[in-house]
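# Structural overview
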Amino acid sequence: MSFEAYLSKIKPITIAGSASGNRAATPKEVRALRGLIGSLQWPASQGCPHLSCSISMTAGQMTIATVGTLKEANKMLRFAKSNAAVTLEFPPLGKAFGLLALSGAAWGTRHDGSSQGGMLILAVPRHAFNDQQASYAVVDWKSWKLERVSKSSLNAETQGASTAVDNLEFIKVLEARMHQPETNVKDYALRLTRPSALVTDTKSMYDSLKKEAPAQSAADKRTAIEQIAMRQVMTATGTALRWVSSERQLADGLTKITGRQLLADRL
């Protein structure tokens, strides 16, 4: 899946007058910014995951746009064009494939102090669950502003992981019902037709989810409650929990702009 021809046609924003980064964008410049973001949102949502974080964070500055925002948007376009040859590939995985949900979050990195979540869902052959190298297909991805302001990195990571687990459940049910359309979505057997795992690089969340009763020792009760709910969904869907080091976490490029090039390189 390629957007190379489409990306080549998108034009940068023309910045008029003072190029000072602190100058507020004019109404005409804001319209141009909105147009550029809209032009890049389509490939970002359909086949270019490496653009998703940049789009989300730049769109969040629309109401307070400055010349600096416009320059960052043009830089985003240059990044998109320089990586226009990056494609999504869907290798044959056979009928016995599984699903991996990779999640991450960047705490307090948005202009308003909120956090950025990122998740990536991959289809992989079953031998990937035995720690063997494997081809993969990107099935779903998302980069978004977390709904609640987080008071800790652990809380932000938990919110991101919770969304990833929810999306994983949806995809498992959707794919199962493609083969068994007569079944009811409430049938939990649909959630167990394929192996799955949640992959995180946050050791504190990994350790907390492994505990029998995380709420008893957690300083942040809201985080503890969300983790309990997430564990219930993971149990119902047969989803294992895996930890990887940060440099191997593909979802990192969906939580911070500085990680977008590495994600593009890996794709």
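Conventions used here
- Residues numbered from 1 in each chain as written.
- Predicted model: local features only at pLDDT ≥ 70, side-chain atom pairs only at ≥ 80, totals over all residues.
- Heavy atoms only, no water.
- Helix = DSSP H or I, 4+ residues; strand = E, 2+ residues; numbered from the N terminus.
- Buried < 20%, exposed > 50% of the residue type's maximum accessible area, 1.4 Å probe, protein only.
- Contact = heavy atoms within 4.5 Å.
- Salt bridge = Lys/Arg side-chain N within 4 Å of Asp/Glu carboxyl O.
- Axes fitted to C-alpha atoms, helices over the stretch in contact; angles between N-to-C directions.
- Parallel < 35°, antiparallel > 145°, perpendicular 65-115°, else oblique.
- Left-handed = near helix turned anticlockwise from the far one by under 90°.
- Nonpolar A, V, L, I, M, F, W, Y, C, P; charged D, E, K, R; others polar.
- Core = buried A, V, L, I, M, F, W, Y, C linked by side-chain atoms within 4.5 Å.

## As for the side chain of T158
Among the secondary structure elements, T158 is positioned in helix α5 (residues 153–179). Looking at T158, the relative accessible area reads 1%, which means it is buried. Sequence-distant contacts of T158, that is, excluding residues within four places in its chain, are made with M205, T223, E226, Q227 and M230.

## Some thoughts on the pattern of salt bridges
Counted by the stated rule, this structure contains eight salt bridges. Close ionic contact of R242 with D131 constitutes a salt bridge, the shortest N to O distance being 3.0 Å. Pair noted here: R242 is in strand β5 (residues 239–243) and D131 is in the loop between β2 (116–125) and β3 (137–145), with a separation of 111 residues, a long-range link. You can call R242 partly exposed: its relative accessible area is 31%. Residue D131 is classed as exposed on the basis of its relative accessible area, which comes to 66%. E226 is paired through a salt bridge with R148; the nearest N and O atoms lie 2.6 Å apart. You can see E226 sitting in helix α7 (residues 221–236) and its partner R148 sitting in the loop between β3 and α5, a full 78 residues away along the chain. Overall, R148 belongs to the partly exposed group, its relative accessible area being 27%.

## Thoughts on the environment of S52
Among the structural elements, S52 can be located in helix α3 (residues 52–59). Look at S52 and you get buried, because its relative accessible area is 9%. Sequence-wise, S52 and A32 are 20 residues apart; in three dimensions their C-alpha atoms are separated by 19 Å. Aside from chain neighbours lying at most four places away, what touches S52 is A44, W141, S143 and L254.

## Some thoughts on α3
The element α3 is extensively covered by neighbouring structure, given that seven of its eight residues are classed as buried. The inward-facing, buried residues of α3 abut α2 (27–46), α4 (67–82), β2, β3 and α8 (260–266).

## Some points on the packing of α5 against α7
α7 packs onto α5 with a crossing angle of 25° between their chain directions and a minimal axis gap of 10 Å. What the angle tells us is that α5 and α7 run roughly parallel. Taken as a pair, α5 and α7 cross one another with a handedness that is left-handed. Along the contact surface, α5 presents L154, N155, T158, Q159, A161, S162, V165 and E169, while α7 presents R222, T223, E226, Q227, M230, V233 and M234. Here the residues of the contact of α5 with α7 are counted per class, giving six nonpolar, six polar and three charged.

## A few points about the nonpolar core
In globular proteins that are soluble, nonpolar side chains generally tend to be buried together. Membership of the largest hydrophobic core comes to 25 residues, with the highest contact counts inside it found for L7, L33, L36, L40 and L51. The set of elements that each furnish at least two residues to this core consists of α2 and α4. In contact with L33, other than residues within four places in its own chain, are I13, T58, M62, A65, T69, L70 and A73. Formed by 24 residues, the second largest nonpolar core is a distinct cluster that contains L99, A105, A137 and A164.

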